[in-house]
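# Structural description and commentary
Chain by chain, the residues:
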Amino acid sequence: DHRETSSSSQAVDATAINIGYKNTIEQHIEVHIEALGDPGNIIQDTTTGTIYASQNQAARELGVDHRRISKHLQGLTDNVDGHKFNLLGKASIST
């Protein structure tokens, strides 16, 4: 008797997933980047789930001025060309 077993995995974009009434699974993400100066803020585009290593990276990839993302994160604008962002944390420099 020959049986094949397969397994699959799925990527999870959310930082927390609610399962049932009171159970929560938390996902912790570490991002390692090389930086010459201030490593910047790690942000997530909550519209797409994409995580960026810095506001500048997000601005470059989306084709917007980085100052618009900064104003949005300060609560001064509702969105940046339809994108909404959350600050996940300050990137740290490892030695």
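Below is a short write-up of the structure. If you're wondering where the values come from, they're calculated on a predicted model, not measured in any experiment.

Residues I43, Y52, A58, A59, V64, I69, V80 and F85 constitute the largest nonpolar core, which totals eight residues. Setting aside its immediate chain neighbours within four residues, V64 contacts A59, I69, V80 and D81.

Right, let's get into the packing of helix α1 (residues 55-62) against helix α2 (residues 66-73). α2 packs onto α1 with a crossing angle of 125 degrees between their chain directions and a minimal axis gap of 8 Å. Considered as vectors, α1 and α2 are oriented oblique to each other. When the axes of α1 and α2 are compared, the crossing they make is right-handed. Residues Q55, N56, A58 and A59 of α1 lie in contact with α2, whose contacting residues are H66, I69, S70 and L73. A per-class count over the contact of α1 with α2 returns four nonpolar, four polar and no charged.

This part covers the sheet that holds strand β4 (residues 51-52). Spatially, the three strands line up as an open sheet ordered β4-β3-β5, and their pairing is antiparallel. The sheet is open, and its two borders are formed by β4 and β5 (85-90), each paired with just one other strand. As defined by bridge partners, strand β3 (residues 41-45) adjoins β4 across two bridges and the pair is classed as antiparallel. Within β4, the residue paired with I43 across the bridge is Y52. Contacting β3 and β5, α2 crosses the sheet at an angle of about 90 degrees to β5.

It is worth spelling out α1 at this point. If you check which residues of α1 are buried, you get Q55, A58 and A59. Along the axis of α1, the buried residues cluster in a sector spanning 100 degrees; they form a single face. With respect to the buried face of α1, the exposed residues turned more than 90 degrees away are R60 and E61. If you follow the buried residues of α1, they end up packed against β3, β4, α2 and β5. Just beyond α1, the residue with positive phi is G63, at close to 70 degrees.

Reading the values: the criteria
Residues numbered from 1 in each chain as written. Predicted model: local features only at pLDDT ≥ 70, side-chain atom pairs only at ≥ 80, totals over all residues. Heavy atoms only, no water. Core = buried A, V, L, I, M, F, W, Y, C linked by side-chain atoms within 4.5 Å. Buried < 20%, exposed > 50% of the residue type's maximum accessible area, 1.4 Å probe, protein only. Contact = heavy atoms within 4.5 Å. Axes fitted to C-alpha atoms, helices over the stretch in contact; angles between N-to-C directions. Helix = DSSP H or I, 4+ residues; strand = E, 2+ residues; numbered from the N terminus. Parallel < 35°, antiparallel > 145°, perpendicular 65-115°, else oblique. Left-handed = near helix turned anticlockwise from the far one by under 90°. Nonpolar A, V, L, I, M, F, W, Y, C, P; charged D, E, K, R; others polar. Pairing = 2+ DSSP bridges. Arc of directions from axis to C-beta.

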